[in-house]
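Listed below are the residues making up each chain.
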Amino acid sequence: MNHQDIPLQGGTIQNVIQAALGGLWERTQKAVELITRLRDENATLANRIEELEAAQRTFEAQLAEKDKFINTLQENTGMPSSVDVGNGLLYLSADEREALERQIDDLHKRITAHLGSSR
């Protein structure tokens, strides 16, 4: 005996259909709520991604600027010019510094000799 052979009492098939449709409606509503929530979350995440990418671009620009500054400092340190006055400091190579020290010592000796002879 299949269910077509079972005698149905008044409205039973309608009740089954109504219950099935009601269950389908509830699941549909839950799916709509979930989809709506996920779309909102997706939009929030997309905004956050944009913010983080903007921050990343800013940090990369700052890093590039600092790298350029470091390279400039390394170039100035690696190859000093004969007299490079930057930031109030005098940069000389080792040979130039030795030559300057000899000149200062020679000048000091001359001044000492001159002051000693005038007495």
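Residues numbered from 1 in each chain as written. Predicted model: local features only at pLDDT ≥ 70, side-chain atom pairs only at ≥ 80, totals over all residues. Heavy atoms only, no water.

**A closer look at the overall build of the protein**
Link 1 in the chain: Helices and strands together make up the secondary structure of the protein, namely 2 helices and 2 strands.
Link 2 in the chain: Written out in order from the N terminus, the α and β elements of the protein read α-β-β-α.
Link 3 in the chain: Every one of the 119 residues in the protein was classed for burial, and the buried ones make up 1%.
Link 4 in the chain: Accessible area of the protein: about 11,200 Å², with a carbon and sulfur share of 57%. (Helix = DSSP H or I, 4+ residues; strand = E, 2+ residues; numbered from the N terminus. Buried < 20%, exposed > 50% of the residue type's maximum accessible area, 1.4 Å probe, protein only. Areas by Shrake-Rupley, 256 points an atom, 1.4 Å probe, with all protein chains shown as cover.)

**Some thoughts on a negative patch on the surface**
Link 1 in the chain: Residues Asp95, Glu98, Glu101 and Asp105 make up a contiguous surface patch of negative charge.
Link 2 in the chain: The residue Asp95 is located in helix 2 (residues 94-117) in this model. (Patch = residues over 30% accessible without salt bridge, like charges linked within 9 Å, V, L, I, M, F, W, Y side chains within 5 Å. Salt bridge = Lys/Arg side-chain N within 4 Å of Asp/Glu carboxyl O. Lys, Arg positive; Asp, Glu negative; His and termini not counted. Charge placed at Lys NZ, Arg CZ, Asp CG, Glu CD.)

**Section: the pattern of salt bridges**
Link 1 in the chain: Taken as a whole and judged by the stated rule, the model has 2 salt bridges.
Link 2 in the chain: Here Arg48 and Glu51 are joined by a salt bridge, their closest N and O atoms 3.3 Å apart. Residue Arg48 and its partner Glu51 are both found in helix 1 (residues 12-78); the two are separated by 3 residues, about one turn of the helix.
Link 3 in the chain: Overall, the relative accessible area of 45% leaves Arg48 in the partly exposed class.
Link 4 in the chain: Residue class for Glu51 comes out partly exposed when judged on its relative accessible area of 48%.
Link 5 in the chain: Here Asp106 and Arg110 are joined by a salt bridge, their closest N and O atoms 3.5 Å apart.

**Overview of the confidence of the model for the protein**
Link 1 in the chain: Per-residue confidence for the protein gives a mean pLDDT of 84, with 79% of residues at or over 70.
Link 2 in the chain: Ranking the elements of the protein by mean pLDDT puts strand 1 (residues 84-86) last with 58 and helix 1 first with 94. (pLDDT = per-residue confidence, 0-100.)

**Things to note about a nonpolar patch on the surface**
Link 1 in the chain: A contiguous nonpolar patch, built from Ile13, Ile17, Leu21 and Leu24 and spanning about 370 Å² of accessible area, is present on the exposed surface.
Link 2 in the chain: Relative to the assigned elements, Leu24 resides in helix 1.

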